[in-house]
Amino acid sequence: MSRAPRSGIDESELEVVEPEVTSVGLPAVTHAMQVALTQMGPVRTAQTLLRVNQKHGFDCPGCAWPDPEHRSPAEFCENGAKAVAEEATTRLVTPEFFARHSLADLARQDDFWLGQQGRITHPMVFDDGATHYRPITWDDAFTLIADELEALDSPDQAVFYTSGRTSNEAAFSYQLMVRGYGTNNLPDCSNMCHESSGAALTASIGVGKGSVSLQDIYDAKLIVVAGQNPGTNHPRMLGALAKAKRRGARVVSVNPLPEAGLIEFKDPQSPLGLAGRGEKLSDLHLPIRLGGDLGLFLGIAKHLLERDEESSEVLDRDFLERYCDGLEPYLAHLRTVPWDEIRTATGLTEAQVRELGEEFVRSPATIVCWAMGLTQHEHAVAMIAEIANVLLLQGNIGRPGAGVCPVRGHSNVQGDRTMGIFERMPERFHDRLDAEFGFASPRDHGYDTVQAIRAMRDGKVGVFMAMGGNFLRATPDTDVTEAATRRCRLTVQVSTKLNRSHVVTGRRALILPALGRTDADVQASGPQRVSVEDSMSAVHASVGRLTPPSPHVRSEVAIVAGIAQQLFAREKAATRGPVLDWAALQGDYRLIRRHIEAVVDGFEDYESRLDQPTGFVLPHPPRDSRSFPTPSGRAQLQVNQLTYPALPEGRVLLQTLRSHDQYNTTIYGDSDRYRGIHHGRRVVLVNPLDIERLGVADGQVVDLVSEWRDGVERRAERFRVVAYPTAVGCAAAYYPETNVLVPLDSVAKGSNTPTSKSVVVRLEPR
Ligand SMILES: Nc1nc2c(c(=O)[nH]1)N[C@H]1C(S)=C(S)[C@@H](COP(=O)(O)OP(=O)(O)OC[C@H]3O[C@@H](n4cnc5c(=O)[nH]c(N)nc54)[C@H](O)[C@@H]3O)O[C@H]1N2
Ligand SMILES: Nc1nc2c(c(=O)[nH]1)N[C@H]1C(S)=C(S)[C@@H](COP(=O)(O)OP(=O)(O)OC[C@H]3O[C@@H](n4cnc5c(=O)[nH]c(N)nc54)[C@H](O)[C@@H]3O)O[C@H]1N2
Ligand SMILES: [Mo]
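Bear in mind that the values here come from a model prediction, so they are computed numbers and not experimental data.

Rules and cut-offs
- Residue positions are given per chain, counting from 1 as you read along its sequence in written order.
- Each chain takes a letter, starting from A, and each ligand takes a number, starting from 1, following the order in which they are written.
- The model is predicted, so local features are restricted to residues of pLDDT at least 70 and side-chain atom pairs to those at 80 or more, both for listing and for counting; the totals for chains, interfaces and linings are taken over all residues.
- Derived side-chain values reflect all non-hydrogen atoms in the structure, with water molecules and hydrogen atoms excluded from consideration.
- To define axes, lines are fitted to C-alpha atoms, for helices over the stretch in contact only, and angles between the resulting N-to-C directions are given on a 0 to 180 degree scale.
- Where helices and strands are cited, they refer to DSSP runs of H or I of at least four residues and of E of at least two residues respectively, numbered from the N terminus.
- Here the angle decides the label: under 35 degrees means roughly parallel, over 145 means roughly antiparallel, 65 to 115 means roughly perpendicular, and every other value means oblique.
- When the near helix sits turned anticlockwise from the far one by under a right angle, the crossing is termed left-handed; a clockwise turn instead gives a right-handed crossing.
- In what follows, a contact means two residues having at least one pair of non-hydrogen atoms within 4.5 Å.
- Gly falls in the polar group here, along with every residue not listed as nonpolar (Ala, Val, Leu, Ile, Met, Phe, Trp, Tyr, Cys, Pro) or charged (Asp, Glu, Lys, Arg).
- The criterion for a disulfide is a pair of cysteine sulfur atoms lying within 2.5 Å.
- A simple rule labels every residue: compare its accessible area, found with a 1.4 Å probe on the protein chains alone, to the largest value its type can have, and call it buried under 20%, exposed over 50%, or partly exposed in between.
- To estimate how far a helix should reach, multiply one less than its number of residues by 1.5 Å.
- Take a side-chain nitrogen of Lys or Arg and a carboxyl oxygen of Asp or Glu: if they are within 4 Å of each other, that pair is a salt bridge.
- By convention in this text, a residue qualifies as near a molecule or strand provided that one of its non-hydrogen atoms is within 4 Å of it.
- For the purposes of these results, a polar contact is taken to be a pair of N or O atoms within 3.5 Å, where, inside protein, one atom must be able to donate a hydrogen and its partner to accept one; residues adjacent in sequence count only when each atom of the pair is a side-chain atom.
- All accessibility values rest on the Shrake-Rupley procedure with a 1.4 Å probe; residue burial counts only the protein chains present in the view.
- Where each domain begins and ends follows an automated or database-derived domain assignment.
- Between any two strands, at least two bridges found by DSSP are needed for them to pair.

(A) Layout of the packing of helix α22 (residues 427-437) against helix α29 (residues 589-599). Two elements in contact, α22 and α29, have axes whose closest approach is 9 Å; the angle formed by their N-to-C orientations is 130°. On the basis of the axis angle, α22 is oblique to α29. Crossing hand, α22 versus α29: right-handed. When α22 is examined against α29, the residues Phe429, Arg432, Leu433, Glu436 and Phe437 are found in contact with a partner set consisting of His595, Ala598 and Val599. Across the contact of α22 with α29, the residue classes tally to 5 nonpolar, 1 polar and 2 charged.

(B) Broad picture of the state of the cysteines. A full pass over the atoms with the stated rule returns 0 disulfides. Its sulfur unpaired, cysteine 189 is 5.9 Å from the next cysteine sulfur, which belongs to cysteine 193. Cysteine 369 takes part in no disulfide bond, and the closest cysteine sulfur to it belongs to cysteine 405, at a distance of 3.9 Å. When its relative accessible area of 0% is taken as the criterion, cysteine 369 is described as buried.

(C) Geometry of helix α20 (residues 380-393). Along its 14 residues, α20 runs 20 Å from first to last C-alpha, staying within 8% of the 20 Å computed at 1.5 Å per residue. Immediately beyond the C-terminal end of α20, within one or two residues, lies glycine 395, with a positive phi of roughly 65°.

(D) Local environment of the pattern of salt bridges. Applying the stated criterion across every chain yields a total of 61 salt bridges. A salt bridge links glutamate 358 to arginine 307; its shortest N-O distance comes to 2.7 Å. Linking glutamate 358 in helix α18 (residues 350-362) with arginine 307 in helix α14 (residues 293-311), this pair joins segments that are 51 residues apart in sequence. Residue arginine 457 is joined to aspartate 458 by a salt bridge in which the shortest nitrogen-to-oxygen separation is 3.0 Å. The exposure class assigned to arginine 457 is partly exposed, which follows from its relative accessible area of 33%. Here the salt bridges share partners, and the residues they tie into one network are Arg651, Asp703, Glu707, Glu713, Arg715, Glu717, Arg762, Glu764 and Arg766.

(E) Main features of the site of ligand 2. Neighbouring ligand 2 are 30 residues, the closest being Tyr161, Ser163, Ala474, Glu556 and Thr665. In this structure, a nitrogen atom belonging to ligand 2 sits 3.2 Å away from a side-chain N or O atom of threonine 496. Contacts to ligand 2 include glutamate 556, whose side-chain N or O atom sits 2.7 Å from a nitrogen atom. Bound to the protein, ligand 2 loses 96% of the 930 Å² it would expose on its own. When the residues that make up the shell around ligand 2 are grouped by side-chain class, the tally is 10 nonpolar, 15 polar and 5 charged. Shared between two domains, the shell around ligand 2 takes at least three residues from each, and those domains are domain 2 (92-185 + 431-612) and domain 4 (652-765).

(F) Representation of the site of ligand 1 in the model. In the region of ligand 1, 32 residues are neighbours, and Asn255, Glu259, Gly291, Asp293 and Asn664 sit closest. A distance of 2.7 Å is found between an oxygen atom of ligand 1 and a backbone nitrogen or oxygen belonging to glycine 291. The contact in question runs from an oxygen atom of ligand 1 to an N or O atom on the side chain of glutamine 655, over 3.0 Å. In isolation ligand 1 has 920 Å² of accessible area, and contact with the protein removes 99% of it. Contributions of two or more residues to the shell around ligand 1 are made by α10 (230-233), α19 (372-375), β25 (652-657) and β26 (662-663).

(G) Spatial organisation of the pairing of strand β30 (residues 701-707). Counted residue by residue, β30 has 5 buried out of 7 residues, so it is predominantly covered. Both β30 and strand β31 (residues 713-723) contribute to a ladder of 6 bridges, which runs antiparallel. For leucine 704, the partnering residue across the bridge sits in β31 and is alanine 716. In this antiparallel pair of consecutive strands, β30 and β31, the connection spans 5 residues, and glycine 711 shows a positive phi of 80°. In the sheet, β30 pairs with strand β33 (residues 759-765) via 5 bridges, with the strands oriented antiparallel. By the bridge assignment, valine 702 is partnered in β33 with proline 765.

(H) Representation of unusual backbone geometry in the model. Of the consecutive residues tyrosine 735 and proline 736, the connecting peptide bond is found in the cis state with omega at 5°. With respect to the helices and strands, proline 736 occurs in the loop between β32 (730-734) and β33. Positive phi outside glycine occurs at histidine 679, with the angle close to 55°. Note on placement: histidine 679 falls in the loop between β28 (677-678) and β29 (683-686). A positive phi angle, near 60°, is found at asparagine 752, a position not held by glycine. Considering the arrangement of structural elements, one finds asparagine 752 in the loop between β32 and β33.

Remember, this is a structural readout, not a statement about activity or role.
This is the structure we're talking about:
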């Protein structure tokens, strides 16, 4: 923020100008520096920004886009710099702050204000019936947690959430403690994020992760970016796309919105890019209807089939015969999908769909990238399976320059999964965990995020703990989640900064302040490093060097070890728990990595391979050797019936998305520069044709009312209508203000991910 913090965003200052077409460039760098200087001052700014994503530096907490082998001295982006500045800020939230502000007082502040107060310096407790948080010692906090956990009738009455910033070392220790205690209730942010990708890809190719490396991006001849806004959320990806283009790739954007970065880009890592003209990125932009992508990819597959029937050189028959099952039923199905339904689903003409189909025909190496625009729909899993189908048809898996590329969000969300943060890990993981630690881990599946909220709502959860994140604001149906949270006996938040989850609590609540990526982490054996896995399965070390906000702040590993020591000293938990010296683990993270090496595939020689400046890449059988670890040992073409969201009369389909000035639930500022929205967030972007059809006016203030089949009306008040070039019938507004509109039970089939990109709403004039 270039302006001083103030209490909240004053929506009356809202200003709308023309959206930008070019992203990054000089304004982005200037903006990043302003934010950094205000939050950290000049010395810390220099100390941090120069070490982001450098060899022997720390991993940027911004996103999970990988680091190139030849890094530039400024290997970060505007939004990475904001993420770093948020964490490395010199502002502090001390016990005096909590003495000044009652909980009721804090609850009246908005998310922006809460986040701007600074780093939390002390463990704090909120007692049942109290008005203020008060300081608590670490020992007392650990005892309180252990007491509450020991008092539950069953370990399944506790829920342990994780957000994706947690390091491999912390995540592994955490899941071990939780499974040692006796439950698989390990929901995570992934449940709301790329779960649909994992489900679809596991069924299609046997591995739920992306199959490309950064080199593949550079080598690709066609890159389709569908349902993703990299200019804001993965800015460094634009540099990779620009490089691929210079090497002859074509880039296609599939998006209801003409997102700035995808259209044109100025590379901040090249001197010309800072001030000079932008590079055109997208060769083709398809303004698809929300949720229309299943129709689009079915259309592309149909086109490939028809073209193959003309020339028999389009499908990779060799590959299909050697590696895939299900071709005949799949092709038969394709023949039955009608073009007019594809047109309705996508809102595109047949010619537009075929134009992209021709790009596939011509390309010898194709990559499809996607993010939340595809994962958060009712039929998201089918949509992504259809992308896999199309790539399989042309043998685009396990070939250089080709593959599936789900672009992950949080910087270590993929690594946390690898470490066992999942409510239903495969048996093999459990077997090895049990063998390594001499205990019997529970095998019943635990709750995912939506199931956890239902259980909390129904009074089945006594203790809720979160390793990072902002559960309350990230989850759907805010009113339901708030009520659910209040029913817990104890809520525990391990956090760096204040957020809504600290002010809507269980009867008792703890805030446990944690070190972030940028902070030096010194334990008994000396300074520690941690490790993370990026979106392309590359694992590397991360070392923070800044002085932590206070000597009372502990690492996530130390917090887990502290709880575990108390918990496994109790009778009930001790009989079940793993055999382990938690204090030793805390003292030296190398011991944790040795355990990881024994339990998780692909981590042989973990310690020495972490010494390599670029780390190491985990095995990915489809990518490495075209072997497909599905039950049949072959890739599976899936038959997906064409479905798409229905749009009742007088309604629009709303997607909830990120502005350029936020990191998920953390609001950095009040503007969305690329989309031309300044000094306000309560806007709803609507196509001019829909504005007319619905009888509202550009600039009018409306309530957004969501209607779902449960008959409940959910309302978000006071949004200004902004005429915007989004696909007809579709609208967009920012998350998390609009989470209140997403019904808890409206989820993707097969992944249980809330349908945050497809909410039927009416615009009700105030
Ligand atoms: N600066 C910054 N960086 C971030 C984050 C952040 O909040 N701020 N969040 C991180 C996280 S956790 C994640 S998961 C990622 C999120 O990265 P994104 O997925 O890029 O995030 P969203 O803002 O949700 O954008 C969704 C995009 O998909 C498009 N879209 C929506 N619905 C559809 C659809 O049905 N079809 C198609 N084809 N397109 C659609 C939208 O118009 C929008 O461009 O970013 C990560 N990086
Ligand atoms: N409507 C709607 N809802 C969505 C989405 C959407 O597109 N639309 N997107 C979904 C997606 S993709 C995701 S990933 C989730 C995000 O869900 P979460 O991951 O739960 O949310 P964040 O906002 O990323 O969490 C921010 C908080 O994490 C804490 N934090 C930051 N760094 C650290 C750290 O190093 N250690 C610890 N212990 N704490 C830290 C800070 O206290 C900060 O307030 O939201 C989901 N919800
Ligand atoms: Mo995410």
